[in-house]
Protein chains: 2
Amino acid sequence: MPHCYAELNPTERVLMGPGPSNVPPAVLQAMALPTIGHLDPEFVVIMDGIKAMLKEVMLTDNELTFPISATGSAGMEACLCNLIEPGDRCIIGINGVFGQRMADIAQRNGADVVRIEAPWGQPLDPDEIGQALNAGNIQLVAVVHGETSTGVLQPLEEIAQMAHEHNALFVVDAVTSLGGHPVRVDEWGIDACYSGTQKCLSIPPGLSPVTFSDRAVQALENRQTKVPNWYLDMTMVREYWGEARTYHHTAPVNTLYGFYEGLKLILEEGLENRWQRHKRNHQLLVAGLDELGLELLPAPEYRLWSLNAVKIPGGVDDLAVRKQLLERFNIEIGGGLGELKGRIWRVGLMGYSSTPNNVILFLEALRKVL
Amino acid sequence: MPHCYAELNPTERVLMGPGPSNVPPAVLQAMALPTIGHLDPEFVVIMDGIKAMLKEVMLTDNELTFPISATGSAGMEACLCNLIEPGDRCIIGINGVFGQRMADIAQRNGADVVRIEAPWGQPLDPDEIGQALNAGNIQLVAVVHGETSTGVLQPLEEIAQMAHEHNALFVVDAVTSLGGHPVRVDEWGIDACYSGTQKCLSIPPGLSPVTFSDRAVQALENRQTKVPNWYLDMTMVREYWGEARTYHHTAPVNTLYGFYEGLKLILEEGLENRWQRHKRNHQLLVAGLDELGLELLPAPEYRLWSLNAVKIPGGVDDLAVRKQLLERFNIEIGGGLGELKGRIWRVGLMGYSSTPNNVILFLEALRKVL
């Protein structure tokens, strides 16, 4: 007597939250291609294509550049658990949920965490990081480039330079920036960088692109202890993605088809064009919000183009507005997290979702709802 | 000057290796449905359907029953890292690669591992596990139900009973058995069980179904230390899959569509019918191999129906045979792992790949190649 389960029939949403963003049809179709073996010679060619394209998108020549077989947060964990050994002193920048998460993961991996904090909605102060570095014996500095919980874009170059002057590794969360903002891994001196697929890359969630510089690989190889996390142990995962093709785990074949196709579309558009598109649509949104009397949380010079943190006006019911946007217009936006719950809306203009028409549609829908 | 990357066009293989198995068209099509948000009310309904169907497939009423957002090996790690605390004494059964992997992961999580070994191709001896339990102070016993590296099916009930008599948790790897063999989680007294999607469930790789008994949940809640692995920390992941729907990570939405559809097909076929189909096709294969003068590694009473470990006859070139099967007939089978490399072929008859026609095709292709 099997129960009866409904047919899958998800509504086509306009995805303007903090991710996932809308996925181009070609990427969805790629997900449905016939599954082949994870060691099939044809799959090996696909893996090589993915690595080459990902290097272009991350603007890096790092050999260790490939997607982790789990979502963006696993990329965060992969970077930290491979590069931290128990007792290491690590500076973690915290001005939102994802900085907090990095501190939590670093601590679980035995790090002595030096917390450099800024109010949510503001960037970190590089001088404070510099002072903490001067206090000595820091092995790793980690910051979030695009804080998805606050809409803040963190400038990176100055921090990178200071970290290197003190021989510390520089780790960057580019989950909400990669594909929407410039993320210049090699030029800026980022040692480990991770992202997600479901934001500005517009690929379904399920993978986390990561890259490790030679310095990071050296640190990995010089570890005194085994990486505590088997699934994310880069000393093994890289053998599968490298020449040896040594079996580690069964790669998510169909999700990687989608990833391949998504990267291809990004390179066809061109990184520069894509960044400019994200910038233009962000500006269009900000101008429209201004007409509605609505303000963004971060100061203009620290705003993400991909994720707009909009202050909720006094007296407006956060949940009721989001519910109406979803039910009347099929538009998904996000609410605030943590201390910003009920205080901001998070309006994503990421990847395939970053279009002038989506901006117009959202502004008009919001006007009707308010 | 973007490079030119080839169009994706994977060949339709006959997948008869150790996984992935072939995926039914309806499951592939589900992967390509429009992505929606991981907290969308429609997605919550899909999650509830997945939990209900997975309970039916795992024959359990456990509330904590859902897929981990990573492949089968992450399910292994999830069970072990949540249930082991540093210093815990754990019995790990080792008669192949996946028992070795469990021991490795348990050690990385600080366990004092008691290794109970058997020759590869033979099952574990429950008496040896009983003796180790009698020696005292064991918190956890973990064994592999279907050893993918050797084709051995491990009887579980006696070990489960002994573990419980000594108040130890019983953890089972059902990666290669779930959906092809009976896996009676509640009836047999399994406390934590994990599987993969790409074997007898015939869903693309990318998820790992897990279930925890009330005893396992109690052990989780009584931990003195934080789970060292953030991504797999069940105290948090279960809040997303439970009533609270608390954001933890972005779920792999499209992969979960495929999972939903795949579970639906399994329940429509019926578990009993599906097990019998796997048994019949295994028997058909064994009879055909016998005619070719080929033998299986495990004794008849300990053979997996889903994964057949075939001894390679003397003088036959392992790689050349597999290459020809792939290139001339599009048939993928697996080679041996570890100490069985070059000594066995691993012929999978899993899920959608377990058909009489596949058996006939494989036997005839092998005859031509040999």
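Residues numbered from 1 in each chain as written. Chains lettered and ligands numbered in written order. Predicted model: local features only at pLDDT ≥ 70, side-chain atom pairs only at ≥ 80, totals over all residues.

Take the overall build of chain A next. Across its full length, chain A holds 13 helices and 14 strands. Whereas a compact globule of 370 residues would reach a radius of gyration of roughly 21 Å, chain A reaches 21 Å, a difference of no more than 12%. When its C-alpha atoms are laid out on the principal axes, chain A stretches across 60 × 55 × 50 Å. Looking at chain A as a whole, 58% of its 370 residues qualify as buried. (Helix = DSSP H or I, 4+ residues; strand = E, 2+ residues; numbered from the N terminus. Rg over C-alpha atoms; globule rule 2.2 N^0.38 Å. Buried ≥ 20, exposed ≤ 12 C-beta atoms within 10 Å, placed from the backbone.)

Now for the relation of the copies chain A and chain B. When chain A is fitted onto chain B, the two copies agree to an RMSD of 0.0 Å after a turn of 180° and an axial shift of 0.0 Å. Each copy turns onto its partner about a two-fold axis. It is A70(A) whose C-alpha, among those of chain A, lies nearest the rotation axis, at 2.5 Å. Looking at the interface residues of chain A, 100% of them are also at the interface in chain B, so both copies use one shared face. (Least-squares fit on C-alpha atoms with pLDDT ≥ 70 in both. Contact = placed C-beta atoms within 7 Å.)

This part is about the environment of T211(B). Residues and elements named next belong to chain B. Inspection of the secondary structure puts T211 in strand β10 (residues 208-212). In the structure, T211 is positioned 132 residues away from C79 in sequence and 8.7 Å away in space, judged by C-alpha atoms. Ignoring anything within four residues of it in the chain, the contact list for T211 reads M58, T60, N62, L64, T65, V185 and C193.

With that settled, the discussion passes to helix α13 (residues 356-369) of chain B. All names here are of chain B. With 14 residues, α13 extends 20 Å from end C-alpha to end C-alpha; this agrees with the ideal 20 Å at 1.5 Å per step. Listed as buried for α13 are N358, V359, F362, A365 and L366. One face of α13 carries all of its buried residues, which in axial projection span an arc of 140°. For α13, exposure combined with an orientation more than 90 degrees from the buried face picks out N357, E364, R367 and K368. Among the structural elements, β1 (14-15), α11 (271-291), α12 (318-329), β12 (331-332) and β14 (344-348) are those in contact with the buried residues of α13. (Expected span 1.5 Å × (residues − 1). Arc of directions from axis to C-beta.)

Time to look at the interface of chain A and chain B. Between chain A and chain B, the contact holds 65 residues from the first and 66 residues from the second. Looking at the side of chain A that touches chain B, the elements with two or more residues in it are α1 (25-31), α2 (41-57), α3 (72-83), α4 (97-108) and α10 (253-269) of chain A.

Let us now look at the sheet that holds strand β2 (residues 64-68) of chain B. All names here are of chain B. Spatial strand order, β2-β10-β9-β8-β5-β3-β4: seven strands in an open sheet with mixed pairing. Two strands bound the open sheet, and with one partner strand each, they are β2 and β4 (112-117). On average, each strand axis in the sheet is tilted by 15° relative to the strand beside it, whichever way the strands run. Relative to β10, β2 runs antiparallel, the two being bridged by five bridges. (Pairing = 2+ DSSP bridges. Axes fitted to C-alpha atoms, helices over the stretch in contact; angles between N-to-C directions.)

Our next topic: the domain arrangement of chain A. Residues and elements named next belong to chain A. We note that the domain assignment places domain 1 (14-19 + 271-369) and domain 2 (25-267) within chain A. Placing the centre of domain 1 and that of domain 2 at their C-alpha centroids yields a distance of 26 Å. At the junction of the two partners, domain 1 supplies 25 residues and domain 2 supplies 25 residues. Only α11 (271-291) and β11 (307-311) provide two or more residues apiece to the side of domain 1 that touches domain 2. Of the residues forming the side of domain 1 that touches domain 2, the biggest block, four residues, is contributed by α11. (Domains from an automatic or database assignment.)

On to the sheet that holds strand β13 (residues 334-335) of chain A, then. Overall, antiparallel pairing links the three strands, which are arranged β11-β14-β13 (chain A) in an open sheet. Because the sheet does not close on itself, it has two edges, and the strands there are β11 and β13 of chain A.

Now for the environment of P300(A). You can see P300(A) is positioned in the loop between α11 and β11. Note: C-alpha distance between P300(A) and V152(A) (148 residues apart in sequence) is 9.6 Å.

Take the packing of helix α5 (residues 126-134) of chain A against helix α6 (residues 157-165) of chain A next. In a packed pair of helices, the relevant descriptors are the angle between the two axes and the axis-to-axis distance. All names here are of chain A. With their axes 10 Å apart at the nearest point, α5 and α6 run at an angle of 5° to one another. Between α5 and α6, the crossing angle belongs to the class labelled roughly parallel. Of the residues in α6, those touching α5 at P126, I129, G130 and L133 are E158, I159, M162 and A163. Considered class by class, the residues forming the contact of α5 with α6 number six nonpolar, one polar and one charged. (Parallel < 35°, antiparallel > 145°, perpendicular 65-115°, else oblique. Nonpolar A, V, L, I, M, F, W, Y, C, P; charged D, E, K, R; others polar.)

All names here are of chain B. Direction vectors running N to C along helix α3 (residues 72-83) and helix α4 (residues 97-108) enclose 40°, while the axes themselves pass 9 Å from each other. In this view, α3 runs oblique relative to α4, as classed from their interaxial angle. As for how α3 packs across α4, the hand of that crossing is right-handed. Across the interface between the two elements, M76, E77 and L80 of α3 pack against R101, M102, I105 and A106 of α4. (Left-handed = near helix turned anticlockwise from the far one by under 90°.)

On to the environment of L304(B), then. Residues and elements named next belong to chain B. Its place among the elements puts L304 in the loop between α11 and β11 (307-311). In this structure, the C-alpha to C-alpha distance between L304 and G151, residues 153 residues apart in sequence, is 5.4 Å. Excluding anything up to four places from it in sequence, L304 contacts G146, G151, V152, L153 and T176.

Next up on the list: helix α10 (residues 253-269) of chain B. Residue and element names in this part refer to chain B. Taking 1.5 Å as the rise per residue, α10 with 17 residues should run 24 Å; its terminal C-alpha atoms sit 25 Å apart, in good agreement. With respect to burial, α10 is a largely interior element, 13 of its 17 residues being buried. G270 sits one or two residues past α10 and shows a positive phi near 95°.

Geometrically, the link from G19(A) to P20(A) is a cis peptide bond, its omega value of 5° lying close to zero. By the element assignment, P20(A) lies in the loop between β1 (14-15) and α1.

As a further point, take the pairing of strand β5 (residues 140-144) of chain B. Residues and elements named next belong to chain B. With respect to burial, β5 is a largely interior element, five of its five residues being buried. In β5, alternate side chains face the same way, and those of L140, A142 and V144 on one face and V141 and V143 on the other are all buried. Relative to β5, strand β3 (residues 89-94) runs parallel, the two sharing three bridges. Among the inter-strand pairings, C90 is bridged to a residue of β5, identified as L140. Note: β5 against strand β8 (residues 169-173), five bridges, orientation parallel. Note that in β8 the partner of V143 across the bridge is V172.

Moving on, we come to the confidence of the model for chain A. Taken as a whole, chain A shows an average pLDDT of 97; of its residues, 99% reach a score of 70 or greater. Overall fold confidence for the complex sits at a pTM of 0.98, while the interface term, ipTM, reaches 0.97. (pLDDT = per-residue confidence, 0-100.)

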